[in-house]
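Spelled out, the chains give:
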Amino acid sequence: MTAQEFKQRYMPHYRLLYRVAYHLTANAQDAEDLLQDMYLKLWQKRDSLTDEATKENYLVAMMRNLFLDQRRIKRLDTTTELKEESSPPDERSLDHQIDSKDEVQRMEGLISELPDRDAKIIQMHLMENRSYEEIEQDTGLSQGNIRIIVMRTKKKLKQQFQNITKTWTN
């Protein structure tokens, strides 16, 4: 495939793919980088791509998978850096770690008290970092309904968490 053929096939999808990348990254610079990486990957595989690869749903799925792969790699890099730190943590950071673990446990307890549907959706969204589209596929609810459930559940959890911390500090 020549460069001209490549442009004719894939550049018409640029705006859609940029919007998807921006939705995934929530940052214009990261979206541009992700889009550039995707076009590079398409270019490298240009001779082995099927006609299916020119369809929008294929390209969007490819964008999402590339984003997830990059995020996994970044997460692995971060955990490697943390393990490589050889100096022992100071007492203040240990207190912070203990407090953070307690807060996570409290929040998990609050989530477990939610109705099953809301707990499942908030867990998929916050803890598994799944998109509204992925949650829609699993639950059958519309993305609009999922957004509303997530917003209301976050608000409810925040209020309950604040009430708990107020009673413990008094």
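The coordinates are above.
Described below are features of the structure shown in this document. Worth saying up front: this structure is predicted, and the values here are computed from it rather than measured. (Residues numbered from 1 in each chain as written. Predicted model: local features only at pLDDT ≥ 70, side-chain atom pairs only at ≥ 80, totals over all residues. Heavy atoms only, no water.)

Notes on unusual backbone geometry
Most peptide bonds are trans, and most residues other than glycine sit at a negative phi.
Turning to step 1, where the next piece is worked out: One non-glycine residue with positive phi stands out, namely A26, at about 60 degrees.
Turning to step 2, where the next piece is worked out: Examined against the element boundaries, A26 turns out to sit in the loop between α2 (14-25) and α3 (28-44).
Turning to step 3, where the next piece is worked out: A26 gets classed as exposed once you look at its relative accessible area, which sits at 59%. (Helix = DSSP H or I, 4+ residues; strand = E, 2+ residues; numbered from the N terminus. Buried < 20%, exposed > 50% of the residue type's maximum accessible area, 1.4 Å probe, protein only.)

Digging into the packing of helix α6 (residues 116-127) against helix α7 (residues 132-139)
Turning to step 1, where the next piece is worked out: The N-to-C vectors of α6 and α7 enclose an angle of 145 degrees; their axes lie 10 Å apart at closest approach. Judged by the sense of rotation from one axis to the other, the crossing of α6 with α7 is right-handed. On α7, the residues touching I121, M124 and H125 of α6 are Y132, I135, D138 and T139.
Turning to step 2, where the next piece is worked out: For the contact of α6 with α7, the residue count by class is 4 nonpolar, 2 polar and 1 charged. (Axes fitted to C-alpha atoms, helices over the stretch in contact; angles between N-to-C directions. Left-handed = near helix turned anticlockwise from the far one by under 90°. Contact = heavy atoms within 4.5 Å. Nonpolar A, V, L, I, M, F, W, Y, C, P; charged D, E, K, R; others polar.)

A few points about the nonpolar core
Turning to step 1, where the next piece is worked out: With 21 residues, the main nonpolar core has Y10, L17, L34, M38, Y39, L42 and M63 as its most contacted residues.
Turning to step 2, where the next piece is worked out: For this core, the secondary structure elements donating two or more residues are α1 (3-10), α2, α3 and α4 (56-84).
Turning to step 3, where the next piece is worked out: In terms of residue count, the dominant contributor to this core is α4 (7 residues).
Turning to step 4, where the next piece is worked out: The residues touching L42, leaving out its near neighbours within four places in the chain, are F6, Y10, L49, L59 and M62.
Turning to step 5, where the next piece is worked out: Of all hydrophobic cores here, the second largest spans 14 residues; its members include M124, I135, I149 and V150. (Core = buried A, V, L, I, M, F, W, Y, C linked by side-chain atoms within 4.5 Å.)

Some words on the packing of α1 against α3
Turning to step 1, where the next piece is worked out: At a minimum axis distance of 11 Å, the contact between α1 and α3 shows a crossing angle of 130 degrees. Accordingly, the angle class assigned to the pair α1 and α3 is oblique. Our pair here, α1 against α3, has a crossing hand that is right-handed. Along the contact surface, α1 presents A3, F6 and Y10, while α3 presents Y39, L42 and W43.
Turning to step 2, where the next piece is worked out: A breakdown of the residues in the contact of α1 with α3 according to their chemical character gives 6 nonpolar, no polar and no charged. (Parallel < 35°, antiparallel > 145°, perpendicular 65-115°, else oblique.)

Considerations on a negative patch on the surface
Turning to step 1, where the next piece is worked out: A contiguous patch of negative charge, built from D30, E32, D33 and D37, is present on the exposed surface.
Turning to step 2, where the next piece is worked out: When you line up the elements, D37 lands in helix α3.
Turning to step 3, where the next piece is worked out: When its relative accessible area of 33% is taken as the criterion, D37 is described as partly exposed. (Patch = residues over 30% accessible without salt bridge, like charges linked within 9 Å, V, L, I, M, F, W, Y side chains within 5 Å. Areas by Shrake-Rupley, 256 points an atom, 1.4 Å probe, with all protein chains shown as cover. Salt bridge = Lys/Arg side-chain N within 4 Å of Asp/Glu carboxyl O. Lys, Arg positive; Asp, Glu negative; His and termini not counted. Charge placed at Lys NZ, Arg CZ, Asp CG, Glu CD.)

Considerations on the pattern of salt bridges
Turning to step 1, where the next piece is worked out: On inspection of all chains with the given rule, the structure shows 3 salt bridges.
Turning to step 2, where the next piece is worked out: The shortest N-O distance in the salt bridge between R64 and E134 comes to 3.4 Å. Here R64 is found in helix α4, whereas its partner E134 is found in helix α7, with 70 residues between them in sequence.
Turning to step 3, where the next piece is worked out: Classification of R64 as partly exposed rests on a relative accessible area of 23%.
Turning to step 4, where the next piece is worked out: Between D118 and R117 there is a salt bridge, with the nearest N and O atoms lying 3.3 Å from each other.

Quick notes on α3
Turning to step 1, where the next piece is worked out: Taking 1.5 Å per residue, 17 residues should reach 24 Å; α3 reaches 24 Å between its end C-alpha atoms and fits that length.
Turning to step 2, where the next piece is worked out: Buried residues of α3: A31, L34, L35, M38, Y39 and L42, and no others. Seen end-on, α3 carries its buried residues on one side only, within an arc spanning 135 degrees. Opposite the packed face of α3, turned more than 90 degrees from it, sit the exposed residues Q36 and Q44.
Turning to step 3, where the next piece is worked out: The N-cap of α3, judged by a side-chain oxygen 2.8 Å from the amide nitrogen of Q29 a few residues on, is N27. (Expected span 1.5 Å × (residues − 1). Arc of directions from axis to C-beta. Polar contact = N/O pair within 3.5 Å; in protein donor to acceptor, adjacent residues only side chain to side chain.)

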